[in-house]
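# Breakdown of the fold
The residues making up each chain are set out below.
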Amino acid sequence: MLALERKQIIIERLRSEKKVYVAKLSEELDVAQETIRRDLKELEHKGIAVRSFGGAVLRKDAPLESFLEREASNSPLKKIIADLVQDFIHNDMTIMVDTSTTAKAVVESLTCQKNLTVITNSYRLINDLSEKSSISFIGTGGQVLGQLQAFTGIDAINTIKRYNADIAILGCNGVNINSGFTESNIEECAVKLAMSSQAKRTFIVTDHTKFERIGLINAIAFNQVDCLITDEKPADEWLSFFKNLSIELIYP
């Protein structure tokens, strides 16, 4: 079991039962108690749990969905998408990447490419992956949006506009025929639009569960997207729709 999957199980247990026990989780998940304690320490740091003797309880003011939870959600599907993107990324490219956890999975999967430059507003991505010797990272800076572990605002956008990129790799909260690609946060929408405008090509990376979902805010229009990469073949209606718009559709 991956560490992210284990933490997601712990979070779900906290959500449903409000309290978890180290010994019980250790036995159920077949890992050492010290591993569970480290997991709980991280969840406490993220504002989801409060550690107590022998376990932890759910924080009353825990965020509805943290970056960690989004990262753990559907992680096998994100890996499928990340593998499909590899064919489009070549040596010496400059890539813009937003705070999408699927986009982060794409950067994590980059192994063969050399001399890449990644421009991102995700300080979680920089923190986790900055030791990759084949990638130079440029962080946008800007106003901190803690729940998304992101930089946003005018400073972030101004930094993005200083650079040109080969590809923008962006995630979305939902995709709907009438609404386009949608998001739940207006600050993040502005960053996505800036990245798309500075890139030669815009790629949306999203798993099949986002189809037909409508987020709060319309983020990217279909005519701004060159390619959509997902984890399984969409319905025939979507295949015809993307073909008519000349959007390249990639799936396994």
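The following refers to the structure shown. Within each chain, residues carry numbers counting from 1 in the order of the written sequence. Thresholds applied to this predicted model are a pLDDT of at least 70 for local features of residues and 80 or more for the giving and counting of side-chain atom pairs; totals over whole chains, interfaces and linings are not thresholded and use all residues. Hydrogen atoms and water are omitted, and side-chain values are computed over all heavy atoms in the structure.

## A look at the overall build of the chain
On a plain count of helices and strands, the chain comes out with 10 helices and 15 strands. The reference for a compact globule is 2.2 Å times residues^0.38; the radius of gyration itself is calculated from the C-alpha atoms. For the chain, the C-alpha radius of gyration of 19 Å lies close to 18 Å, the compact-globule estimate for 252 residues. Buried, partly exposed and exposed residues are distinguished by accessible area as a fraction of the type maximum, computed with a 1.4 Å probe on protein chains only: under 20%, between the cut-offs, and over 50%, respectively. Going through the 252 residues of the chain one by one, you find that 51% of them count as buried. In the chain, 61% of the contacts between residues at least 6 apart in sequence involve partners at least 24 apart. When the accessible area of the chain is evaluated, it comes to approximately 12,200 Å², of which 48% is carbon and sulfur surface. We treat Lys and Arg as the positive residues and Asp and Glu as the negative residues; His and chain ends play no part in the count. Each charge is placed at NZ for Lys, CZ for Arg, CG for Asp and CD for Glu. Counting 30 positive and 34 negative side-chain charges, the chain places the centres of these two groups 4 Å from one another. By the criteria applied, helices consist of DSSP H or I runs no shorter than four residues and strands consist of E runs no shorter than two, each listed in order from the N terminus. Should any heavy atoms of two residues lie within 4.5 Å, those residues are considered in contact. Working definition of accessibility: Shrake-Rupley area with a 1.4 Å probe, residue cover restricted to the visible protein chains.

## As for the sheet that holds strand β15 (residues 248-250)
Read from one edge to the other, the open sheet built from seven strands follows the order β6-β5-β4-β9-β12-β14-β15, with strand pairing classed as parallel. Unpaired on one side and paired on the other, β6 (135-139) and β15 mark the two borders of the sheet. Averaged over all neighbouring strand pairs, the angle between strand axes comes to 20°, with direction disregarded. Alignment of strand β12 (residues 199-205) against strand β14 (residues 227-229), held across three bridges, turns out to be parallel. Across the sheet, residue Phe203 finds its bridge partner in β14, namely Cys227. Here the rule is simple: two strands pair whenever DSSP picks up at least two bridges between them. Between the N-to-C directions of two axes lies an angle of 0 to 180 degrees, each axis being a line fitted to C-alpha atoms and, for a helix, fitted only over the stretch in contact.

## Considerations on the environment of Asp166
Along the chain, Asp166 turns up in strand β9 (residues 165-170). Between the alpha carbons of Asp166 and Thr94 there is a distance of 5.5 Å; along the sequence they are 72 residues apart. Beyond its immediate sequence surroundings of up to four residues, Asp166 is in contact with Asp92, Met93, Thr94, Ala199, Lys200 and Arg201.

## Here's the deal with the sheet that holds strand β1 (residues 19-21)
Strand pairing in a sheet is mediated by backbone hydrogen bonds. Such pairs are either parallel or antiparallel. One open sheet accounts for three strands, arranged β1-β3-β2; its pairing is antiparallel. At either end of the open sheet lies a strand with only one pairing partner, and these are β1 and β2 (49-52). Taken pair by pair, the neighbouring strands of this sheet meet at an average axis angle of 20°, ignoring direction. Here β2 runs beside strand β3 (residues 55-58); their pairing, made up of four bridges, is antiparallel.

## Re the packing of aromatic side chains
Stacked, tilted and edge-to-face are the three classes applied to pairs of Phe, Tyr and Trp rings, where Trp contributes its six-membered ring and a pair requires centres within 6.5 Å; stacked means planes under 30 degrees apart, edge-to-face means over 60, and tilted covers the rest. For the structure on display, the rule yields nine aromatic pairs. With centroids separated by 5.1 Å and ring planes inclined at 85°, the aromatic side chains of Phe211 and Trp238 adopt a geometry described as edge-to-face. Here Trp238 lies in helix α10 (residues 236-244) and Phe211 lies in the loop between β12 and β13 (217-220), a separation of 27 residues in the sequence. Taking the relative accessible area as the measure of exposure, Phe211 reaches 13% and is therefore buried. Relative accessible area serves as the criterion here: at 3%, Trp238 is assigned to the buried category. Here the aromatic residues Phe181, Phe211, Phe222, Trp238, Phe241 and Phe242 are joined through ring pairs into a cluster of three or more.

## Regarding the packing of helix α2 (residues 22-29) against helix α3 (residues 33-45)
Interhelical geometry of α2 versus α3 gives an angle of 115° and a closest axis separation of 9 Å. On the basis of their axis angle, the class for α2 and α3 is roughly perpendicular. Every pair of crossing elements has a handedness; the one defined by α2 and α3 is right-handed. Two secondary-structure elements touch here, α2 through Val22, Ala23, Leu25, Ser26 and Leu29 and α3 through Gln33, Ile36, Arg37 and Leu40. A breakdown of the residues in the contact of α2 with α3 according to their chemical character gives six nonpolar, two polar and one charged. The scheme is simple: roughly parallel for angles under 35 degrees, roughly antiparallel for over 145, roughly perpendicular for 65 to 115, oblique for anything else. When the near helix sits turned anticlockwise from the far one by under a right angle, the crossing is termed left-handed; a clockwise turn instead gives a right-handed crossing. Residue type decides the class: Asp, Glu, Lys and Arg count as charged, Ala, Val, Leu, Ile, Met, Phe, Trp, Tyr, Cys and Pro as nonpolar, and the leftover types, Gly among them, as polar.

## Digging into α2
What α2 keeps buried is the set Val22, Leu25, Ser26 and Leu29. Down the axis of α2, the smallest arc covering the buried residues is 105°, so these residues share one side. Asp30, located one to two residues past α2, shows a positive phi value of around 60°. The reported arc concerns the directions from the helix axis to the C-beta atoms and nothing else.

## Examining the pairing of β6
Both strand β5 (residues 116-120) and β6 contribute to a ladder of five bridges, which runs parallel. Bridge pairing in β6 places Ile119 opposite Ile138. In the classification by handedness, the crossover that spans β5, the intervening helix α7 (residues 123-129) and the parallel β6 is right-handed. For the handedness criterion, the strands are oriented away from the viewer, and a crossover whose path from the first strand over the helix to the second runs clockwise is classed as right-handed.

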